[in-house]
Structure formats: structure tokens, C-alpha cells
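Residues per chain are reported as follows:
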Amino acid sequence: MAPIRRRPISNYLMRAMVLDEPKRPLELRDVPKPKPSRGQLLVRVSTCAVCRTDLHVVDGELPNPKRSLIPGHQIVGRVEEIGDDFNPQFKVGDRVGIPWLGWTDGDCSYCRSGRENLCDNARFTGYTVDGGYAEFTVADARYCFHLPERYDDVEVAPLLCAGLIGYRSYRKTGEARRLGIYGFGNAAHLIAQIALYEGRELFVFTRPGDIKTQQSAKSLGAKWAGGSDEMPPEKLDAAIIFASVGPLVPIALRALSKGGTVVCGGIHMSDIPSFPYRDLWEERVITSVANLTRRDGDEFFEIAPRVPVKTKTETFLLEQANTALDRFRAGELKGTAVLVMNAT
Ligand SMILES: [Zn+2]
Ligand SMILES: [Zn+2]
């Protein structure tokens, strides 16, 4: 007997949460199920974690999203069908992770120099192509990941962006022994675990007065935690800013020792106020992180289960995506929001 499927309602339609235009709530709709073209996987979505970037897209803070967009770029699912019936990396039934980087041209000067994250023609999942707030999605197999088995579909979803791009930010801090983290949200919580595993000393900065988050950072193993208006007890070799708050850049710069680096880890940030040159002097560096390369993913999924990096999640049904986004925006989530497609 064929397994009973609650959904889809037909072979041609699927349920999806659609963004018709920024600054409007997503709409639950039946839309045509996508078909995989050559090199693509059709994936039955199991879970999709909600990223701050989704908020930036929905709130109209990022330019030129796809029209009638299905957001979501931390997608976990099973391969349902393979375009042209053949793919050397995946077979039907495999679990697969789909990240933010959806496609690159492989041909521009960035791609040719190992920097596909900067590709001139890159396509991004849940932003310029449809993502995972839906029962199905298609993805170019070359950009998909096999996921570590120790994680279930809910646990692993937040690793696909907060983990991956957080990891790229972390790698940009080089050998920094004393590492500062400004903004202790999802990405910070994941990266802090790797930093501690690798023996870094961790200094965590939260909103002034957020004692609860400071305590949770300390219980994770941070050497010091305080408000972003405070100076750390020691100068830092590097700092990552995960909060999308531009004024934190000159503040973090002042906490650095000579030659230190500030890494801005988000895709969007409010304006950075001016600051005296002496704060940058002595070879301090300000840099940003854009997107991810497949190599970041391979490295991260190799180290994450060894640590093991643990995620904190809160699950929502697909049709509750607006609630998840609203609660994220209001800072009311206790973990990463993860949409679950076929919860019964
Ligand atoms: Zn390129
Ligand atoms: Zn993201």
C-alpha cells in the first residue's frame, strides 16, 4: 500500500508562504510544484530555519528580491527527483541541506580565484531564487550538502546559514586568541562553541543590561560577558559583530589590540558613524563577510559534529511563518525558529 501523505494536495501544486512585496506579510498559497531541470534536485522540504536575512528580505532592506518570492535558505529535505535522472552526488531519498548560495557562474574573476561567495552573477536561495518556506523546492545539486547524521532535521537546519556564514566570519579572525563577539544571537551561539573547542578565549558583548544573555554566554564558557558599552578587561585580537548595528564597529575597534580585526558578519548593517583615525591606526582592520563558499560548508560540517555544536530551536508550522518572523523581529524567540513542513 502506498504511504498516506497528508500533502501535497495534488501532484502539481504545493503549499508555500509567498512574499508578494516587501513589508507585507507572507501569504499561504497553493503554487505550482517546481520541476528540476538538468543538474537540479527536487527536494521534499522537511524543515527550514528562519534567518535574520529572511527578515531583511521581508522588511525590504535588501535590494531587488525575486518577485513573488518563497523565502528561506536553511533547508533540510529529501531528494524526491533528480533532473535528467542522474546525479553523481545524490540519489533519490538522500537527506540534503540547501544553503544561501544557490548558484554561481563559475567563470567570473571571483569564481576563478576561489571566491565564489563574491560571484558577480550569484543566485541566492530564498532571495533571488525561491527557497524553502514550502513543501518542495529545487536546488542545483552542486551547491547542496550532505548533512552530518548525528543531527535530526530540526537541529541541523540552523547550521545551514547561522552556522556556515558564522563559520566564515570566525575563520576571518585567523589565529585570534582573545575573541570578542558582539551580539549573542543564533550565529554567535554556534560559533562560540567552535571557538571554545579550539581553545580561544571568548569575550561576549550584549545589549547593555541584558544580564540573562550575559549569563548564558558565561555558562557556555565565555571568559567575560558584558554590555556593548563596556570595554573588555583585556584587549582583543579580533571581534566579530553579528548584530546589525553600525555604531558597534568603532566601539569594537577600540577594544582591539594592535593588528586586530573587526569582522562584520551580517548582510545588512545600519550606518557606521565616523571615528578618529587613531582607532584604526597600528594595522587594525575592518572587514565584512559576504555569503559562503562550498568549501566553508565542507569545513563547517566536518567540525560541527566533532565539537559537537548544539543548536537551540523553536518549531513552527509552515503557515506560522509570519508569527516566527514577527517574534524574531521582536527578539522574543528562545532559539532559532524552524519551520516544520509536515508535522502531524
Ligand atoms: Zn562567478
Ligand atoms: Zn541566512
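### What about the sheet that holds strand 12 (residues 236-241)?
Within the open sheet, the 6 strands sit side by side as 11-10-9-12-13-14. Their pairing is parallel. Edge strands, defined here as strands with exactly one partner in the open sheet, are strand 11 (224-227) and strand 14 (285-288). On average, each strand axis in the sheet is tilted by 20° relative to the strand beside it, whichever way the strands run. Two elements, strand 9 (residues 178-182) and strand 12, share 4 bridges in a ladder whose sense is parallel. Looking at strand 12, one finds that Leu179 is bridged to Ala238.

### Describing the side chain of His56
Following the sequence through the fold, His56 ends up in helix 1 (residues 52-58). We classify His56 as buried; its relative accessible area is 6%. The residues touching His56, leaving out its near neighbours within four places in the chain, are Glu61, Leu62, Ser244, Ile267 and His268.

### What about the coordination of the zinc ion (ligand 1)?
All of the protein donors around the zinc ion (ligand 1) are Asp105 (OD), Cys108 (SG), Cys111 (SG) and Cys119 (SG); their distances to the metal are 2.0 to 2.3 Å. Each of the 4 donor atoms around the zinc ion (ligand 1) contributes to a set of angles spanning 98 to 119°, which defines the coordination as tetrahedral. Linear spacing of the donor residues for the zinc ion (ligand 1) on their chain is D-x2-C-x2-C-x7-C. Each member of the pair, Cys111 as well as Cys119, carries the same accessibility label: buried.

### Re the coordination of the zinc ion (ligand 2)
Only Cys51 (SG), His73 (NE2) and Cys161 (SG) from the protein reach the zinc ion (ligand 2) as donors, at distances of 2.0 to 2.2 Å. As a motif over one chain, the donors of the zinc ion (ligand 2) read C-x21-H-x87-C. On the criterion of sequence distance, the pair formed by Cys51 in the loop between strand 3 (40-49) and helix 1 and His73 in the loop between helix 1 and strand 4 (75-82) is long-range, its members being 22 residues apart. On the accessibility criterion, His73 (0% relative accessible area) is buried.

Criteria and cut-off values
Residues numbered from 1 in each chain as written. Chains lettered and ligands numbered in written order. Predicted model: local features only at pLDDT ≥ 70, side-chain atom pairs only at ≥ 80, totals over all residues. Heavy atoms only, no water. Pairing = 2+ DSSP bridges. Helix = DSSP H or I, 4+ residues; strand = E, 2+ residues; numbered from the N terminus. Axes fitted to C-alpha atoms, helices over the stretch in contact; angles between N-to-C directions. Buried < 20%, exposed > 50% of the residue type's maximum accessible area, 1.4 Å probe, protein only. Contact = heavy atoms within 4.5 Å. Donors = N, O, S within 2.8 Å, 3.2 Å for Na, K, Ca; no water. Tetrahedral: all angles 85-135°; square planar, octahedral: opposite > 155°, others 65-115°.

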